[in-house]
Amino acid sequence: IFAIEWIQDSSNFISSERLVIKFQNAPQLGVEPPLELKSRTNIQKIISNYGYATLKPTFSNYNEFTQRHRDHDLHQYYNLQFSKSIDIFSLQKELKNIPDIDLIEFDFRLSINIIPNDANYSSQWAHNNTGQASQDGGGTVGTPECDIGSEQAWDITTGDENVIIAILDTGVNDHSEFNGRLLEGYDFINNDTDPSDGNGHGTSCAGISAARGNNGVGVAGICWDCLILPVKIMSNDGFGEDTQIADGVIWASDNGADVISMSLGGGGNVSYFDNAIDYAVDNGTVVFAASGNDDAGSISYPSAYENCISVGALSPCNERKTFSSCDGENSWGSNYGTGLDFLAPGVR
C-alpha cells in the first residue's frame, strides 16, 4: 500500500502517479496472459523519462474474465503506475501518439456523500412522514406522506435472503442489526477480505438499506431480510479512486450482487468505469449512485453514467434538498439535472 499524491484539476482531484490505458489489440484476458510492459518498447521509450513504472490489468479478477467481460472491453484496460508523482498531463499527450492505444484516462478521486443518521424508527420520516423530522437547530418539520410508503410495502414483503445488496463504501462493520446477513466481502483499499469500516459511513448506509426491522432495537432498514455484501472501496478518511471503485463494481456483480449501492461521487467521465457498470447491468445487477451534494445543476459521476440509476436527496418537505430546504442543514444541496432518475429521502 502506498500513498497516492493527488493534484487538483479544475474542481476534480486526479492521481499524479497513474494513467489508465485502453489498448486496441489487447489479449483476451481469462484465456490469454496479460500484456507486459517489457514487450512494449514504444511505451518504455516514452516513460523512461518519467521514472519506474508498472503495467497491469485495471480489473483485479482478469484471470477469471469470461466472454461477457470481454464484450464490454474490460480486458483492454491497464493501469500504468509510477512509483512517484510525475507530470501526468505531459505523459498523457505523449502516449496519444501510439497507434494501438484507444484511450488514456485519469484516475479520479471520489468522496463519500452525506447520509441521514436517525436514532430510532419513530424519527425515520423516510418510512412514514408525519412531520416529525428533526430540524437542524431545533424543532420538527415535514410534509405528511412525503415518504417511501415503507409500512405498506412491508405488508407485502420485508425482503428475501436470495437478494444481495452490495454496499460499495468505507466498509461495513459487524452489527447486531445485521446478524446472520452480513456476507464475506472484500477490501480493495488494503487488498484483503476484511472490509471493516473505520469511518462509519458504509455501516450507516448498510443500515439504511437492510437493518433488521421489528426487532425492538435500533432502526428499521428498507429490506430487513436481504443479505449485505460489504465492498470497501473508500478509505477511512472517506476518499476512493475510480479504478478501485470500478473494480469493486465488477467484483460485486461477479460475487452475486443483485443491487449495488454507491453513496459517493465526484470526478469525471472515464470509459473504464462506464464499461464496468455496463457489464454489471448486463450481468443482472442493478446499480445505484447518489447524484452528488454540491447543489449543482449537473449530476456527479458515477451516477451520471447511462446505466447507473441516479438518486438525488429529498427533504422532509417534499422538495429537493437545498441550502435553504426545510431541514435546516444549510451546508449542502442535492445535485440535479439531466440524467437524474428520482429523489429519495436523503437528510435528517
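No experiment lies behind these values; they were computed from the predicted model shown.

1. What to know about the overall build of the protein chain
- Each helix and strand counted, the protein chain has seven helices and 16 strands in total.
- Relative to a compact globule of 348 residues, whose C-alpha radius of gyration would be 20 Å, the protein chain shows 21 Å and is just as compact.
- Along the first, second and third principal axes, the C-alpha atoms of the protein chain reach 65 × 40 × 30 Å.
- Counting over 348 residues, the protein chain shows a buried share of 52%.

2. Some words on a nonpolar patch on the surface
- A cluster of nonpolar side chains, contributed by I148, I208 and I222, occupies part of the molecular surface with about 230 Å² of accessible area.
- With respect to the helices and strands, I208 occurs in helix α5 (residues 201-210).
- Overall, the relative accessible area of 35% leaves I208 in the partly exposed class.

3. Some remarks on the confidence of the model for the protein chain
- Overall, the prediction assigns the protein chain a mean pLDDT of 94, with 97% of residues at 70 or greater.
- Predicted confidence is poor over residues 114-118, with pLDDT under 50, and the contacts of this stretch with residues over four places away or in other chains come to 16 contacts.

4. As for the environment of H72
- By secondary structure assignment, the location of H72 is in the loop between α2 (67-71) and β4 (77-82).
- The class of H72 is buried, set by a relative accessible area of 18%.
- Setting aside its immediate chain neighbours within four residues, H72 contacts N275, D278, Y279 and D282.
- A distance of 3.1 Å separates the side chain of H72 from the side chain of D282, its partner in a polar contact.

Reading the values: rules and limits
Residues numbered from 1 in each chain as written. Predicted model: local features only at pLDDT ≥ 70, side-chain atom pairs only at ≥ 80, totals over all residues. Heavy atoms only, no water. Helix = DSSP H or I, 4+ residues; strand = E, 2+ residues; numbered from the N terminus. Rg over C-alpha atoms; globule rule 2.2 N^0.38 Å. Buried < 20%, exposed > 50% of the residue type's maximum accessible area, 1.4 Å probe, protein only. Patch = residues over 30% accessible without salt bridge, like charges linked within 9 Å, V, L, I, M, F, W, Y side chains within 5 Å. Areas by Shrake-Rupley, 256 points an atom, 1.4 Å probe, with all protein chains shown as cover. Salt bridge = Lys/Arg side-chain N within 4 Å of Asp/Glu carboxyl O. pLDDT = per-residue confidence, 0-100. Contact = heavy atoms within 4.5 Å. Polar contact = N/O pair within 3.5 Å; in protein donor to acceptor, adjacent residues only side chain to side chain.

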